Amino acid sequence: MSHQTARRVSAAPRTNARSVNASRHELGHTKNDLPETTRREATDLLNQRLAECLDLAAQCKQAHWNVKGPAFIALHQLFDEVHEAVQEYADLIAERIVQLGGIATGTTGVVAERSELPDYPVAHLNGPEHVAALSDALAAFGRAVRIGIDEMNDLKDTVSADILTEISRGTDKWLWFVEAHLEGGKP
Ligand SMILES: [Fe+2]
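Predicted, not measured: the structure shown is a model, and the values here were computed from it. (Residues numbered from 1 in each chain as written. Predicted model: local features only at pLDDT ≥ 70, side-chain atom pairs only at ≥ 80, totals over all residues.)

This next bit is on the overall build of the protein chain. When helices and strands are counted, the protein chain shows 6 helices and 0 strands. Listed N to C, the secondary structure of the protein chain is α-α-α-α-α-α in terms of helices and strands. In the protein chain, which comprises 187 residues, the share counted as buried stands at 39%. For the protein chain, restricting intrachain contacts to residue pairs at least 6 apart in sequence, the fraction spanning at least 24 positions comes to 79%. (Helix = DSSP H or I, 4+ residues; strand = E, 2+ residues; numbered from the N terminus. Buried ≥ 20, exposed ≤ 12 C-beta atoms within 10 Å, placed from the backbone. Contact = placed C-beta atoms within 7 Å.)

Structure representation (structure tokens):
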């Protein structure tokens with residue numbers, strides 16, 4: 001979310017003081033019968049997905065506001081539809097974290113530190129360039145969510161896995177919608 005156009009290349013979560021503190025909070029009380037270790041690991045991992053989801057939502061608006069060109073109306077509206085859906089995915093993830101006794105960390109500062117999505121280019125882009133940039137972000141988020149499904153299944157948190165599966169299904173659909181605007185189906 002910086003003003004750089006360079007892609008982030010690191011796949012490892014950054015671990016500075018703020019993100020570490022955000023991920024090591026005490027769990028709140030709940031009668032949910034999942035083991036505490038499961039809930040702690042699940043909430044940490046889900047907070048990583050939440051950061052990427054909120055980053056993606058901001059990127060959708062960046063595309064929605066700035067797109068120009070012959071396909072303006074179609075892309076302007078599509079990017080807003082994607083934003084609305086992605087914002088709902090963030091709600092699903094955040095509320096699951098709280099159900100498990102965790103704290104949903106969705107502040108801009110934490111999102112900027114934790115998200116591993118490529119930075120959205122801050123430049124005058126034409127329609128196809130916005131399509132390329134947003135499809136990159138959707139594909140990166142889709143990959144992260146698929147990893148999240150495996151993580152939740154490994155933890156035997158089937159409800160979180162189901163929530164991420166729903167989000168994965170939607171993300172793949174929106175990637176299709178956006179990629180359908182690529183000239184000849186190629187980037
Ligand atoms: Fe708008």
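What follows is about the packing of helix α2 (residues 36-66) against helix α3 (residues 72-99). One can describe the packing of α2 onto α3 by two numbers: an axis separation of 8 Å at closest approach and a directional angle of 160°. Overall, the two elements α2 and α3 adopt an arrangement that is roughly antiparallel. Considering how the two elements wind past one another, α2 and α3 form a crossing that is left-handed. When its residues are assigned to classes, the contact of α2 with α3 shows 16 nonpolar, 6 polar and 4 charged. (Axes fitted to C-alpha atoms, helices over the stretch in contact; angles between N-to-C directions. Parallel < 35°, antiparallel > 145°, perpendicular 65-115°, else oblique. Left-handed = near helix turned anticlockwise from the far one by under 90°. Nonpolar A, V, L, I, M, F, W, Y, C, P; charged D, E, K, R; others polar.)

For any two helices packed against each other, the geometry is given by the interaxial angle and the distance between the axes. Packing of α2 against helix α5 (residues 127-154) leaves a shortest axis separation of 10 Å and a crossing angle of 165°. With respect to each other, α2 and α5 are oriented roughly antiparallel. Where α2 crosses over α5, the two elements pack in a sense that is left-handed. Listed contacts from α5 to Ala42, Leu45, Arg49, Glu52, Cys53, Leu56, Gln59, Cys60 and Ala63 of α2 are His130, Ala133, Leu134, Ala137, Phe141, Ala144, Val145, Gly148, Glu151 and Met152. Partitioning the contact of α2 with α5 into residue classes produces 13 nonpolar, 3 polar and 3 charged.

Note on placement: alanine 94 falls in helix α3. Put simply, alanine 94 and alanine 104 are 10 residues apart on the chain and 5.1 Å apart in space, counted from C-alpha to C-alpha. Apart from residues lying up to four places away in sequence, alanine 94 is in contact with Leu50, Ala104 and Gly106.

Counted at 1.5 Å a residue, the expected span for α5 with its 28 residues is 40 Å, and the 41 Å between its end C-alpha atoms agrees. At the exit of α5 stands lysine 156, carrying a positive phi of roughly 60°. (Expected span 1.5 Å × (residues − 1).)

This paragraph deals with the confidence of the model for the protein chain. Chain-level pLDDT for the protein chain is 88 on average; 84% of the residues reach the 70-or-more range. Note on residues 1-22: pLDDT is under 50 here. Beyond four places in sequence and across chains, it has 34 contacts. (pLDDT = per-residue confidence, 0-100.)

Let's shift gears to unusual backbone geometry. The backbone of lysine 156 sits at a positive phi, close to 60°, despite the residue not being glycine. Mapped onto the secondary structure, lysine 156 falls in the loop between α5 and α6 (158-179).

Right, let's get into α3. Taking 1.5 Å of rise per residue, 28 residues should cover 40 Å, and α3 covers 41 Å from first to last C-alpha, within 8% of that figure. Those residues of α3 not exposed but buried are Leu75, Leu78, Phe79, Val82, His83, Val86, Tyr89, Ala90, Ile93, Ala94, Arg96 and Ile97. In this structure, the buried side of α3 is in contact with α2, α5 and α6. Phi turns positive one or two residues past the end of α3, at glycine 101, with a value near 95°.

The next point concerns the nonpolar core. In this structure, Leu50, Cys53, Ala90, Ile93 and Leu134 are the most contacted members of the largest nonpolar core, which totals 43 residues. For this core, the secondary-structure elements that each account for two or more residues are α2, α3, α4 (108-114), α5 and α6. Ignoring sequence-local partners within four residues, the contact set of isoleucine 93 consists of Leu46, Arg49, Leu50, Cys53 and Ile163. (Core = buried A, V, L, I, M, F, W, Y, C linked by C-beta atoms within 7 Å.)

This part covers the environment of leucine 134. In this fold, leucine 134 is placed in helix α5. Taking the number of C-beta atoms within 10 Å as the measure of exposure, leucine 134 has 28 and is therefore buried. Distance from leucine 134 to leucine 175, taken between C-alpha atoms, is 8.5 Å for residues 41 residues apart in sequence. Residues within four places of leucine 134 in sequence aside, it is in contact with Gln59, Cys60, Ala63, Phe79 and Val178.

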